[in-house]
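Chain by chain, the residues run as shown.
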Amino acid sequence: MNRPRTWPAHVLLTVGALVMLAPFAWQVVVSLQTLPDSLRLPPKFTPSWQWSNFGDVFRSVPLARQFLNTVVVAAVVTAGQLLLCSLAAYAFARLRFPGRGAVFLLFLAVLMVPGELFIIPRYEIMQGLGWLNTLQALIAPGVFGAFGTFLLRQFFRTLPRELDEAARLDGANPLQIYWHIMLPLVRPGLLALGLLTVMWSWSSLLWPLVVNTDPEMMTLSAGLASLRGQFQTNFPILFAGSVVASLPVIALFVVLQRHLIAGITFTGSKG
Amino acid sequence: MLSKREWAWGYLLIAPMALGLAVFYLWPIAQTLYLSFTESGVFGGYTWVGTANFTELLGDEEVLGALGNTLLYAVLVMAGVPLSIVVAALLNVPGLRGLSVYRTLYFLPVVTMPAAVGLTWRYLFNGDFGAINYLLGEVGIDGPYWVGDPDFAIYAIAIVGIWSTIGYNAVLLLAGLQGIPRPYYEAASIDGAGRLRQFFRITLPLLTPTTFFVVVITMINALQVFDLVYLMVDLKGPALSGSRTIVYLFFEKGFVQNQRGLAAAIAVLLLGLILVLTAIQFRLQKKWVHYE
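Just so you know, these numbers come straight off a predicted model, no measurement behind them. (Residues numbered from 1 in each chain as written. Chains lettered and ligands numbered in written order. Predicted model: local features only at pLDDT ≥ 70, side-chain atom pairs only at ≥ 80, totals over all residues.)

**Some details on the overall build of chain B**
And then number 1: If you tally the helices and strands in chain B, you get 13 helices and two strands.
And then number 2: Considering only C-alpha atoms, chain B reaches an extent of 80 × 75 × 35 Å along its principal axes.
And then number 3: Out of the 292 residues in chain B, the part that is buried amounts to 42%. (Helix = DSSP H or I, 4+ residues; strand = E, 2+ residues; numbered from the N terminus. Buried ≥ 20, exposed ≤ 12 C-beta atoms within 10 Å, placed from the backbone.)

**Side note on the interface of chain B and chain A**
And then number 1: Listed as interface residues are 70 residues of chain B and, on the opposing side, 75 residues of chain A.
And then number 2: It is helix α1 (residues 2-35) of chain B that provides the largest number of residues to the side of chain B that touches chain A, a total of 21 residues.
And then number 3: Here the residues of the side of chain B that touches chain A are counted per class, giving 56 nonpolar, ten polar and four charged. (Contact = placed C-beta atoms within 7 Å. Nonpolar A, V, L, I, M, F, W, Y, C, P; charged D, E, K, R; others polar.)

**Some points on the packing of helix α3 (residues 61-78) of chain B against helix α8 (residues 153-178) of chain B**
Residue and element names in this part refer to chain B.
And then number 1: α8 packs onto α3 with a crossing angle of 40 degrees between their chain directions and a minimal axis gap of 9 Å. With respect to each other, α3 and α8 are oriented oblique. Crossing angle aside, the handedness with which α3 passes α8 is right-handed. Seen from α3, the contacting residues are N69, L72, Y73, L76 and V77; seen from α8, they are I154, Y155, I157, A158, G161, I162 and T165.
And then number 2: The residue inventory of the contact of α3 with α8, partitioned by class, reads nine nonpolar, three polar and no charged. (Axes fitted to C-alpha atoms, helices over the stretch in contact; angles between N-to-C directions. Parallel < 35°, antiparallel > 145°, perpendicular 65-115°, else oblique. Left-handed = near helix turned anticlockwise from the far one by under 90°.)

**Brief notes about the nonpolar core**
And then number 1: Among the nonpolar cores identified, the biggest contains 164 residues, and A88(A), I157(B), M232(B) and I266(B) are the most heavily contacted of them.
And then number 2: Sequence-distant contacts of I157(B), defined by excluding residues within four places in its chain, comprise Y73(B), L228(B), V229(B), M232(B) and S243(B). (Core = buried A, V, L, I, M, F, W, Y, C linked by C-beta atoms within 7 Å.)

**Looking at the confidence of the model for chain A**
And then number 1: Averaged over all residues, the pLDDT of chain A equals 91, while 97% of them reach at least 70.
And then number 2: Mean pLDDT across the elements of chain A bottoms out in helix α14 (residues 235-270) of chain A (85) and peaks in helix α7 (residues 135-139) of chain A (97). (pLDDT = per-residue confidence, 0-100.)

**Thoughts on the confidence of the model for chain B**
Residues and elements named next belong to chain B.
And then number 1: Residues at a pLDDT of 70 or more form 98% of chain B, whose mean pLDDT is 93.
And then number 2: Per-element confidence in chain B is highest for α3, whose mean pLDDT is 97, and lowest for helix α9 (residues 182-190), whose mean pLDDT is 88.
And then number 3: The ipTM for the predicted assembly is 0.91, set against a pTM of 0.93.

Next up, the structure:
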């Protein structure tokens with residue numbers, strides 16, 4: 001068979017990749033420009049090495065604090081999701097109990113509802129608990145998720161029946177089977193869900209914006225939004241903030257992208 | 001004797017998640033439905049007003065404007081799906097090297113926080129010193145003020161919306177492409193069909209189940225756009241009237257103007273819109289989706 005040529009595909013893909021990449025490169029360049037340089041026409045495409053932008057942005061909003069908030073929230077939410085979703089998913093996939101199908105359907109129904117329907121009542125719950133402007137307000141709703149349960153259930157279902165049966169004959173209870181046998185085998189699913197959860201938690205804007213209005217308690221997303229209000233067209237400062245805020249997740253993704261992609265295609269093909 | 005214990009274990013293990021979903025998902029749905037029929041008082045508390053919120057919303061020009069903007073945005077972003085198909089097809093070229101590098105690059109906008117993405121494009125779309133109008137000027141086009149102009153803002157946002165979902169959709173579509181059996185192509189090339197012909201006669205029809213899934217997901221997400229509007233548009237200027245979306249309106253009514261009942265009604269309206277449009281998509285699929 002003749003080998004198909006691949007260079008036309010490379011040319012087109014490279015052009016597309018440049019369009020994808022250019023705004024990021026541009027953002028980094030401008031984050032290192034002086035204010036007048038950033039407003040020049042024709043645009044200046046080189047940095048002026050104005051490192052003080054990064055110092056300025058840390059001084060004008062509590063960016064370090066917001067960074068810490070974001071990390072803490074993402075870490076706790078992800079740990080919680082992994083534990084609670086995997087427990088429920090294991091039960092749905094491997095244990096038989098009356099009402100299993102009906103409860104699972106209810107979980108699926110939750111998946112279909114747009115997130116905006118949850119916001120007002122959740123806000124009132126947080127208000128009632130006195131949790132407005134706290135990290136708990138960002139964490140508590142985030143650790144529960146129908147999507148994660150659904151995703152992991154699909155992974156648990158692919159494991160052979162004999163595994164549970166053999167372990168049961170050895171006298172292991174379901175919790176032991178879950179922890180010692182099943183969980184290690186669904187690691188790809190856990191990794192994918194973990195990455196997706198970190199990304200969502202890191203990026204989400206509407207809920208943090210609504211529930212935590214004190215800059216000290218904001219996450220980076222909301223912090224950037226409020227920075228925009230402060231520095232309407234001071235893009236070097238805005239971009240210094242953006243670079244700091246978005247770099248960790250980009251780095252995480254570049255290192256672990258294979259697992260994330262596997263998780264996404266899994267939901268796509270089985271969803 | 002084993003099964004009773006298995007029941008107990010089953011309930012025990014789903015209990016934490018089920019409780020959380022009940023408190024933070026199911027109860028809020030019921031509560032939002034209830035609130036949509038009430039009006040919130042100045043000092044808190046709600047009074048039942050029947051369907052007044054809904055009649056008010058459907059007679060309000062701002063709401064109808066937001067509805068129109070949201071639908072236009074959703075249509076524009078769905079019109080970007082063919083781009084993802086092209087990218088996926090290129091990534092699926094046999095013998096292509098560097099697949100994971102391309103995939104990473106196309107995926108960068110997906111993993112970057114929308115707040116940062118929105119700010120970047122706000123700069124690029126600036127009417128005076130933005131790179132996009134500069135480039136347009138180089139080829140003799142006098143670009144508009146984009147995110148400062150009510151007639152153009154939603155288009156600018158849609159361009160960013162497409163840009164930031166191409167990678168995600170392409171990855172889903174690529175998985176679909178990889179599921180198409182190779183022998184189809186081999187048989188076609190023996191019959192003398194060129195690659196372009198194969199693409200239109202084999203690839204596109206056999207990909208339609210995945211394409212359908214991607215179109216529906218894209219639509220549902222597009223109908224909920226908020227972040228890009230909030231970050232890109234000049235919220236105090238005239239451009240907001242041309243780019244205010246339903247979720248933005250929800251945020252504005254619920255948390256800027258503190259009209260919670262009205263905001264709840266907007267959320268319910270959005271749910272209805274998504275359900276109806278998704279149902280229509282499922283109806284229409286019979287006309288263009290090929291299941292084997």
